[in-house]
Amino acid sequence: EASVSSDARGVSLEYEFGPISVYAARDNEGDGDNNEATAYGAKYSANGLTVAVETATEDHGSSVLGLSGAASQNGAQFDNDDTANADLDADGVAVTYKIDDVLVGYESQVVEEGEVTRLGEQVLFVEYNMGSNVDIYFANIERDDDADNAAMRRDETRVGVEFQF
C-alpha cells in the first residue's frame with residue numbers, strides 16, 4: 001500500500017516584478033500522466049487597483065482540484081462522453097479598486113467539465129470601512145451553472161455588517 005506522499009508530485013513557481021506577479025503550478029497524483037493539474041495566473045496591483053486572472057486544468061479522473069466527478073443534472077447522475085473523457089477547466093477574473101475607505105470589486109469564477117458547467121458565479125460588491133474593524137458591505141451574487149440543486153443556483157443580494165475582533 002503506497003502512501004500519499006510517495007504518490008503525489010508537484011511544483012510551483014512565482015515571480016514578482018514591480019506591481020506584477022505571475023505564477024505557474026503543476027501537480028500529479030499517482031504514476032499515470034492522466035492525473036495532472038496545471039494552473040497559471042497573473043496579478044497587477046498598484047494605486048488601489050488590483051486585477052487578477054487565473055486558469056487551471058485538471059485531467060479527468062484526477063481529484064487534485066477537488067471538483068471532478070460524475071456530472072449531476074436534473075437530479076440524475078450521468079457520466080457521458082462529454083464528461084467521461086473531459087478535462088476540468090477553471091477560469092477566474094477579479095478586479096478591485098480601493099479609494100480611501102471604500103472598496104469596489106468584481107469577481108467571476110467558471111468551472112467546466114465537458115459540456116457541464118459545474119460552477120458559474122459572478123460577484124459585484126462594495127465595502128465601506130467604518131474604522132475600528134467594522135465594515136458594512138453590499139454584494140450581488142449571480143450564479144449560472146448546471147447544478148441540480150436549485151438552492152445552489154439562485155442569485156443573491158447581501159447587505160451586512162462585518163466585525164473583526
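See above for the structure.
Residues numbered from 1 in each chain as written. Predicted model: local features only at pLDDT ≥ 70, side-chain atom pairs only at ≥ 80, totals over all residues. Heavy atoms only, no water.

S.K.: Report on the environment of Phe-163, specifying residues and quantitative values.
M.R.: Residue position: Phe-163 is located in strand S11 (residues 156-163). Once the C-alpha coordinates of Phe-163 and Asp-135 are considered, the two residues, 28 residues apart in sequence, prove to be 6.7 Å apart. Beyond its immediate sequence surroundings of up to four residues, Phe-163 is in contact with Asn-133 and Val-134. (Helix = DSSP H or I, 4+ residues; strand = E, 2+ residues; numbered from the N terminus. Contact = heavy atoms within 4.5 Å.)

S.K.: Tell me about the pairing of strand S4 (residues 49-58), and please be specific about residues and values.
M.R.: As defined by bridge partners, strand S3 (residues 36-46) adjoins S4 across 10 bridges and the pair is classed as antiparallel. Its bridge partner lying in S4, Tyr-44 is registered against Val-51. The loop that links S3 with its antiparallel partner S4 comprises 2 residues; one of these, Asn-47, has a positive phi angle of about 55°. Bridging between S4 and strand S7 (residues 88-99) involves 10 bridges; their strand directions are antiparallel. Across the sheet, residue Val-53 finds its bridge partner in S7, namely Val-93. (Pairing = 2+ DSSP bridges.)

S.K.: I'd like to hear about the sheet that holds strand S10 (residues 134-143), residue by residue, with values.
M.R.: Strand pairs in the sheet, formed through backbone hydrogen bonds, run parallel or antiparallel to each other. Here 9 strands make up an open sheet; going across it, the order is S1-S2-S3-S4-S7-S8-S9-S10-S11 and the pairing antiparallel. The open sheet has two edge strands with one neighbour each: strand S1 (8-17) and S11. Each strand axis lies, on average, 10° off the axis of its neighbour in the sheet, ignoring direction. (Axes fitted to C-alpha atoms, helices over the stretch in contact; angles between N-to-C directions.)

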